[in-house]
Amino acid sequence: MTIDTNRPPIIQSLLDTDLYKFTMLQVVLHQFPQATGVYEFRCRNNHETAYPLGEILEELDWELDRLCQMKFTEDELQYLRSLRFIKSDFVDYMELFQLKRRFIKTSVDDNQYLNIRIEGPIIQAMFFEIFVLSIVNELYFHRLESPEILAEGERRLQAKAELIHHYADEQHHYNSPFVVSDFGTRRRYRYSWQKHVIKTLHEAAPGVFRGTSNVHIAKELNLIPIGTMAHEFLQAFQALDVRLRDFQKAALEAWVHEYRGDLGIALTDVVGMDAFLCDFDLYFAKLFDGLRHDSGDPYIWGEKAYTHYQKLKIDTRTKMLTFSDSLDLQRAWDLYIHFNSRFKTSFGIGTNFTNDMGLTPLNIVLKLVECNGQSVAKISDSPGKTMTDNSTFLAYLRQVFNITDKISVKPD
C-alpha cells in the first residue's frame, strides 16, 4: 500500500510510554548496563483479527524508522528531572539516547502473521516494547475506524464516567479510598483516544481516578505517573550472575538498592505467587509497600498475601495491593469491597479503558525471551500467559521452584 509520508508519525514523544520503562532502565544503566536481550512479539488472538496483522508490515516499518529518529526534548528531560526517584545521571544519559533501528527486525510468516524480534543491549531493547505495541494497535484499528465505532466508544466511556462518579460517592462508606489509574498504553485504540479517556474519567472523579502509566499524558494533564517494575526486570535476573533459585531475591535487592524506599510495589507472578512468597521474607515484606497482581484469581492471590503478612506479624492495613489483570471498573470495585478493611488497594485498568470500542481488542505482547544468550521465562498464574521460547528451560525453572503443572499452560 502507499504510505502517506507527510502525515505525522504515531509516536510523537519518547515520553509516550509507561513509567516503568524509565524506572527499570535506570536500574539497568546503574547495575547491569552490559546485559543483552531478545524480545519476541506474540498476538495471542491471531485467529480473531479482522484481517491478518501482516498487512500492516510496510506501515509498521515506516513508523519504526521515524521512531528511531526521535530524541528527548529539553522540556521532556526537565520533566524527568522533576521526578524524585529519577537520578540526574540517568537523565543525562537520556539526553543522548536514541533508539537504534538495527536492533529491531520485522517480517511476515506464511499465515500472514506478524513477526517482530528485538535483539540488542537491554538498555536499548527494553525501551522499544510500549512504542511498538502502541504502533501496531493504532495501525490495525485505523483501518477499522468508522463514525459508528467512535460513537460506541464514547457511549461506553460516558457510562464509565457515570459509574466512577458513583463510586467516588460510595467510597466514603469504607475504610480506605478507591484508587484507579490508567494502565492502557500498550493496547490503546490510539493516543488521542487514550488522552480523551483519561481526561474524561479524571474530571468525573478526580478523587478516584488518580493517574496514568503513560508519562507523556501524565505530563500533559498534570497527573501522577504510575509504575514500578514489569516481568522483564525480574526475568533478566534469571540470566545474570546469581543462582537461578535466587533470581527473585536478587531482583528485589537490586530494586531496593536503587530506589531506597521509593516505588515500593513488587510484582509477584514471574514464577507464580507461591514461589514469590517463599522469597518475600520479613526483610522484603517490611521494605516494600505492597504487591501487584497480574495473573491468576485475584481473590485467591490477595488471600495468600494476607496470610503471608499475618504470618510475618505485619499489619496488612499498612500495605498496598495493586490489581492490574483484565480489570474493568466493576471488577475493581468488587475487589476493593472485599479487601478494603484489610489492605490499602489500587487498580490499574488497561484495555477496558483505552480500547473499549465494541471491537475485539488485540491481545498482543512483546516479551523478553533471552538475556545474555540464555533463555528466560515467565510461569504465569493464568493459563496462556506463560512466555518462553524454550520448553526445556521452562521445565527446569519449574523444577527449581518446585512448581507443578496444576494449571495447563504452554509457551505461547
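This text goes with the structure placed above it.
Residues numbered from 1 in each chain as written. Predicted model: local features only at pLDDT ≥ 70, side-chain atom pairs only at ≥ 80, totals over all residues. Heavy atoms only, no water.

Looking now at the overall build of the chain. Scanning the chain from N- to C-terminus turns up 16 helices and 12 strands. Against the compact-globule benchmark of 22 Å for 412 residues, the chain has a radius of gyration of 21 Å, which places it among compact chains. Overall, the chain is about 65 × 50 × 45 Å in size when its C-alpha atoms are taken along their principal axes. Residues counted as buried form 58% of the 412 residues belonging to the chain. Within the structure as shown, the chain displays about 16900 Å² of accessible surface, and the carbon and sulfur contribution to it stands at 50%. Across the chain, 46 positive and 56 negative side-chain charges occur, with their mean positions spaced 5 Å apart. (Helix = DSSP H or I, 4+ residues; strand = E, 2+ residues; numbered from the N terminus. Rg over C-alpha atoms; globule rule 2.2 N^0.38 Å. Buried < 20%, exposed > 50% of the residue type's maximum accessible area, 1.4 Å probe, protein only. Areas by Shrake-Rupley, 256 points an atom, 1.4 Å probe, with all protein chains shown as cover. Lys, Arg positive; Asp, Glu negative; His and termini not counted. Charge placed at Lys NZ, Arg CZ, Asp CG, Glu CD.)

Moving on, we come to the packing of helix α13 (residues 298-311) against helix α14 (residues 329-339). Between α13 and α14, whose axes approach to 11 Å, the crossing angle comes to 30°. In terms of orientation, α13 lies roughly parallel with respect to α14. Both α13 and α14 take part in a crossing whose hand is right-handed. Facing P298, Y299, G302 and E303 of α13, the residues of α14 in contact are D334, L335, H338 and F339. (Axes fitted to C-alpha atoms, helices over the stretch in contact; angles between N-to-C directions. Parallel < 35°, antiparallel > 145°, perpendicular 65-115°, else oblique. Left-handed = near helix turned anticlockwise from the far one by under 90°. Contact = heavy atoms within 4.5 Å.)

This brings us to the pattern of salt bridges. According to the stated counting rule, one finds 31 salt bridges in the structure shown. A salt bridge links E63 to R7, with the shortest nitrogen-to-oxygen separation between them at 2.7 Å. Highlighted residues: E63 in helix α2 (residues 57-67) and R7 in the segment before α1 (19-31), separated in sequence by 56 residues. A salt bridge links D246 to R243, with the shortest nitrogen-to-oxygen separation between them at 3.0 Å. On the accessibility criterion, R243 (56% relative accessible area) is exposed. (Salt bridge = Lys/Arg side-chain N within 4 Å of Asp/Glu carboxyl O.)

Here we take up the environment of L244. Inspection of the secondary structure puts L244 in the loop between α9 (231-236) and α10 (247-259). On the accessibility criterion, L244 (12% relative accessible area) is buried. Put simply, L244 and Y174 are 70 residues apart on the chain and 43 Å apart in space, counted from C-alpha to C-alpha. Apart from residues lying up to four places away in sequence, L244 is in contact with Q238, F393, Y396, L397, V400 and F401.

Bringing the pairing of strand β1 (residues 36-43) into the picture now. The two faces of a sheet get side chains in turn, since along a regular strand they alternate between them. Counting buried positions over the eight residues of β1 gives seven, a clear majority of the element. The pairing of β1 with strand β3 (residues 114-121) spans five bridges and is antiparallel. Bridge pairing in β3 places Y39 opposite I118. Taken together, the seven bridges between β1 and strand β11 (residues 364-371) define a ladder with antiparallel strand orientation. Pairing of R42 across the sheet is with V365, part of β11. (Pairing = 2+ DSSP bridges.)

With that settled, the discussion passes to the nonpolar core. Within the largest apolar cluster, 141 residues are counted, with the highest numbers of intra-cluster contacts made by F22, F41, F72, V136, F233, F280 and L291. In this view, F41 contacts L53, L114, I116, L133, V136, I364, V365 and L366; residues no more than four positions away in its chain are not counted. (Core = buried A, V, L, I, M, F, W, Y, C linked by side-chain atoms within 4.5 Å.)

Everything listed here is a matter of geometry and, on its own, says nothing about what the molecule does.
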